[in-house]
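Coordinate inspection notes
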Amino acid sequence: MLIGFWSFYCTAQQLRPSKSSEIYREIKTLKHLPKVLYLAAHPDDENTGLLSWLINDQNVETGYLSLTRGDGGQNLLGAEQGAALGLIRTHELLEARKLDGATQFFTRAIDFGFSKNTTDTFKQWDADSITADVVWVIRKFRPDVIICRFPPTAAAGHGQHAASAVVAEKAFAAAADKNMFPAQLKYVNVWQPKRLLWNTFRFGAVNTTAENQLKVNVGQYDAQLGMGYGELAGLSRSLHKSQGAGTQSVAGLRTEYFTHVAGQPAKESLFDKIPLNWSDKGIGDIDELIDIILLSFDYNHPDKSLHGLLMLRKKLMEIQDVNLRKDKMTAIDQIILSCTGFMGEVVTSQAEAVAGNSYNFRLNVISRSSDPVILEQVNWINQTDVINKRIAGDSLITLERKIQIPAVATPTEPYWLSAPAKNAATFSVPNDTLVGMPERAPALNVALILKIGSDRFTVQLPLSFKKLDPVKGDVVEQLRIIPAMDLSFTEPVYFAKEKEGLTVSLRLKANKNINYGKLSFKIGNTVVKTFTGINLAENTVTVKDFLIAAEDLTKIKTSQNKAEAIFSSETNEFSKGQVLIQYPHLPSLQYFVPATTWLLKGDIKVLAKRIGYIQGAGDLIPEFLRQAGLQVDVLSEADILSPAKLAGYDAIVTGVRVINTEKRIRNWQGALNAYVENGGTVVMQYNTTQDMALQNFGVYPFDIGGKRVTEEHAAVKFLIPDHKLLNYPNKITADDFKDWVQERGAYFPDQWDSKYEALFEMNDTGEEPLKGSTLYAKYGKGNFIYSPLAFFRQLPAGNIGAARLFFNFISAGK
């Protein structure tokens, strides 16, 4: 008699067996019933040392709920900001979870940047909406213990940190109340965790720990890992590469402290009065069977445990608690497949595929178990084959099929980016049941029906792309579904000049043959150009140039205008372009953005012609300056050390965080100072105090502090109204500080030599005015400007006022 018919989804691109040590831990976790949910605001806020201990020492299922995806953070790797950075940080978290073993969750909250208190945070975040998301995760994951990283007070150090604690306490109570968010109860039941704790900390001078708090020793050495949990935590946290979060792997025991927030207080351990195992639930025979399996486990031959595991599986299927049964069945199915040494993949040589097209795929399966696995059936999306073939003897079986991608398949992209955000602080999610998930489960899968012993298993293998990389070896990634057409402007911003026409270029990429297409170009709500009868061949890229006449530009009265393009075929409309993010530590990441650009017109002057740019962490300012008509050269070390070369530039601009990312800057500082002394202009963007290549990098001394102005609409006082930088070639007024995004700036200098002139004063509500947003010094014949104002955010966003001010800076020598 066949018992059980369970479906197992592969969340990776290949289904591969766990290592024996991991299988052993997973079996131990079957015996332990508590669950823990750790909760904070951002990627890299989590206590990875504690997560590693909970999972690997206590063998309890543990999740990390990050309210945001870190969209408002800074990027040490490249120029990605906003949603693109959030996508990178999401996958850095997933890579970290692969190491420490925790489950990852998110809400719909957008990280809008640094905030200083909960009042500021909840002006942006909808507290009820985020609380609902946290309640959903609690009801779905059903943790017994919730642990906050931060308190709801100023000790949290960040308004979003403190807000995470506020939301956690509200959600802790609401999750058990059927009158709270009742629409969720169609899918989940109410759930009451036993307790809510705050994991107190010692961060720098801030110490919130106390000896009367609950204490837990963590960091123990784990022979199966070959390291202590503190060492594992360092490796996990260091995967947050975009944040420069490299962390020491610290060996040895340390103490974690906890204080009570809500629910039943814990006196002896995190799990006081919580059923720890099946015996505590009155089902002792399950514990006994697990103990037998563990006692006889053979690390060299995990398949010898299959008989006992299949017996255990039958017992688990009899559990009355539906949610607990589902959790443990999912876990034991993965264990059983790992014990067979089963590997499965469905791969093609194409990285991208278009809905409706057909592609050649290979199904590769293998089992290393002495007891055979039977491949009974393969469902190829559009056809089913009955196979009934033994997979045994460590021999690879390959089946080849041509698979047609369903015509209704949607492009591959993060679910939270598939529609415009509700507002600046909340993502739109197409289906509320997706809330909490780090990413959508693969939509296109080949389903295998396997028989192991007397049980059947359905295994879902996602369609994947596989290639041999000459450096990395095998690379297996998600097959990316792309639309039949994508389009994008060749430039993110265009500058219109008075009484002149403007040529705008659009890039059309046809992924299928397109006939009789129509291309429309709009400025605001007005269609200013239309092309019809466009025919495009598959796999071709066409650049379409079109001239906006001077008289049409004259009709546009606003200085900052969004333009968009729409392409229509006989059956579909296309208005987005592909963005592909690729870094060595991450899989290829794809999303789509509307085909838009900024059209800037009005009183914008720049006198500089040639700019030398020294790369920092990455920003888009060089592209912006080029589109304004300037020649921008990225300087090499040889260029910087050549006085004759530097003398040919009107200004040198340093990229963001150049002092943190470019260690050679210490060797270049003398050359840059000499360039200024001889009449040049250096404009230096913001740096942080983390890992500085040198301390004194101005023409005169100044010290960077940690203060910032996070309110993007904060009033700006002009301290020297008649200063040249505020009047030439553009007259700067308060209007030039309108419509800034996310922040005014960060890491303002807090002390500086008297030879510097501070140009502005600004502050967040209720705080002391700050004067370090822009420092100017005359040095010899030239000009040095240090400005941590967030030009790297404002210029790509098309802010004309920020552009006018920056153009004054680079024109200072004219």
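**Notes on the overall build of the protein**
Scanning the protein for helices and strands turns up 18 helices and 44 strands. Computed over C-alpha atoms, the radius of gyration of the protein comes to 30 Å, within 12% of the 28 Å expected from 2.2 N^0.38 for 814 residues, which places it in the range of a compact globule. The C-alpha extent of the protein, read off along each of the three principal axes, is 90 × 75 × 55 Å. For the protein, the residues scored as buried account for 56% of the 814 residues in total. Long-range contacts, defined as pairs at least 24 residues apart, comprise 74% of the intrachain contacts of the protein with a sequence gap of at least 6. On the protein, roughly 34,100 Å² of surface is accessible, and the fraction owed to carbon and sulfur atoms is 49%.

**Regarding the confidence of the model for the protein**
Averaged over the protein, the pLDDT score is 94; the fraction of residues at 70 or greater is 99%. This model gives residues 1-10 a pLDDT under 50, and the stretch forms 40 contacts once residues within four places in sequence are excluded.

**Side note on the pattern of salt bridges**
If you walk through the whole model with that rule in mind, you get 39 salt bridges. Across the pair aspartate 298 and lysine 304 runs a salt bridge whose closest N-O atoms are separated by 3.5 Å. Among the ionic pairs, aspartate 633 bridges to arginine 610, the shortest N-O distance being 3.4 Å. Taken as a pair, aspartate 633 in strand E35 (residues 631-634) and arginine 610 in strand E34 (residues 610-614) lie far apart in primary sequence, 23 residues in all. On the basis of relative accessibility, which here comes to 26%, the residue arginine 610 falls in the partly exposed class. Linked by salt bridges that have partners in common, Arg313, Lys314, Asp333 and Asp455 make up one network.

**Here we look at the pairing of strand E16 (residues 373-379)**
Of all seven residues making up E16, five are buried, and the element is well covered by its neighbours. Pairing between E16 and strand E17 (residues 384-391): six bridges, direction antiparallel. When the bridges of E17 are listed, asparagine 379 appears paired with threonine 384. Count of turn residues in the E16/E17 antiparallel hairpin: four residues, of which isoleucine 381 carries a positive phi of about 75°. Of the strand pairs in this sheet, E16 and strand E19 (residues 445-452) are connected by six bridges, and their pairing is antiparallel.

**Here's the deal with the packing of helix H1 (residues 20-31) against helix H8 (residues 284-295)**
The angle between the axes and the distance between the axes are what describe a pair of packed helices. In the contact formed by H1 and H8, the axes pass within 9 Å of each other and the chain directions differ by 165°. It follows that H1 is roughly antiparallel to H8 by the angle criterion. Handedness of the H1/H8 crossing: left-handed. For the pair H1 and H8, the contacting residues are Tyr24, Ile27, Lys28, Leu30 and Lys31 in the first and Asp287, Ile290, Asp291, Ile293 and Leu294 in the second. Residues that form the contact of H1 with H8 fall into these classes: six nonpolar, no polar and four charged.

**Digging into the pairing of strand E43 (residues 775-779)**
A large share of E43 lies buried, amounting to four of its five residues. Pairing between strand E41 (residues 757-758) and E43: two bridges, direction antiparallel. Residue pairing across strands places glutamate 757 opposite tyrosine 776, the latter belonging to E43. One ladder, built from five bridges, connects E43 with strand E44 (residues 782-786); its direction is antiparallel. Residue pairing across strands places tyrosine 776 opposite isoleucine 785, the latter belonging to E44.

**Here's the deal with the environment of leucine 789**
Turning to its location among the elements, leucine 789 is positioned in the loop between E44 and helix H17 (791-794). Linking leucine 789 and arginine 708, residues 81 residues apart in sequence, is a C-alpha distance of 9.3 Å. Ignoring sequence-local partners within four residues, the contact set of leucine 789 consists of Trp740, Arg744, Gly745, Phe760, Met762, Ser773, Thr774 and Leu805.

**Focus on the nonpolar core**
Membership of the largest hydrophobic core comes to 86 residues, with the highest contact counts inside it found for Leu448, Leu487 and Phe567. When residues of this core are assigned to their parent elements, the largest contribution, seven residues, is made by helix H10 (residues 322-339). With sequence-adjacent residues up to four places away left out, leucine 487 is seen in contact with Leu506, Arg507, Leu508, Leu519, Ala565, Ile566, Phe567, Phe574, Ser575, Lys576, Gly577 and Ala595. Of all hydrophobic cores here, the second largest spans 44 residues; its members include Leu39, Leu87, Phe105 and Val134.

**Description of the packing of aromatic side chains**
Here a ring pair, both rings aromatic, is described through the centre-centre distance and the interplanar angle of the planes. Per the stated rule, a full pass over the model turns up 33 aromatic pairs. Geometrically, the ring pair formed by tyrosine 24 and tyrosine 299 is tilted, given 5.5 Å between the ring centres and 35° between the ring planes. One end of the pair, tyrosine 24, is in helix H1; the other, tyrosine 299, is in the loop between H8 and helix H9 (306-316), with 275 residues separating them in the sequence. Judged by its relative accessible area of 36%, tyrosine 299 is partly exposed. With a centroid separation of 5.3 Å and 75° between ring planes, the pair formed by phenylalanine 495 and phenylalanine 624 is classed as edge-to-face. Taken together, the residues span a long stretch of sequence, with phenylalanine 495 in strand E24 (residues 493-495) and phenylalanine 624 in helix H12 (residues 621-627) at a distance of 129 residues. On the basis of relative accessibility, which here comes to 14%, the residue phenylalanine 495 falls in the buried class.

**Let's talk about the sheet that holds E43**
Taking strand neighbours across the sheet as the criterion, the seven strands line up as E35-E34-E36-E37-E44-E43-E41 in an open arrangement whose pairing is mixed. Unpaired on one side and paired on the other, E35 and E41 mark the two borders of the sheet. Sheet topology note: the strand E37 (residues 681-684)/E44 ladder contains four bridges and is parallel. By the bridge assignment, methionine 684 is partnered in E44 with tyrosine 786. Strands E34, strand E36 (651-654), E37 and E44 of the sheet are contacted by helix H18 (residues 800-810), whose axis makes an angle of about 140° with E37.

The rules behind each value
- Residues numbered from 1 in each chain as written.
- Predicted model: local features only at pLDDT ≥ 70, side-chain atom pairs only at ≥ 80, totals over all residues.
- Heavy atoms only, no water.
- Helix = DSSP H or I, 4+ residues; strand = E, 2+ residues; numbered from the N terminus.
- Rg over C-alpha atoms; globule rule 2.2 N^0.38 Å.
- Buried < 20%, exposed > 50% of the residue type's maximum accessible area, 1.4 Å probe, protein only.
- Contact = heavy atoms within 4.5 Å.
- Areas by Shrake-Rupley, 256 points an atom, 1.4 Å probe, with all protein chains shown as cover.
- pLDDT = per-residue confidence, 0-100.
- Salt bridge = Lys/Arg side-chain N within 4 Å of Asp/Glu carboxyl O.
- Pairing = 2+ DSSP bridges.
- Axes fitted to C-alpha atoms, helices over the stretch in contact; angles between N-to-C directions.
- Parallel < 35°, antiparallel > 145°, perpendicular 65-115°, else oblique.
- Left-handed = near helix turned anticlockwise from the far one by under 90°.
- Nonpolar A, V, L, I, M, F, W, Y, C, P; charged D, E, K, R; others polar.
- Core = buried A, V, L, I, M, F, W, Y, C linked by side-chain atoms within 4.5 Å.
- Phe/Tyr/Trp six-rings, centres within 6.5 Å; stacked < 30°, edge-to-face > 60°.

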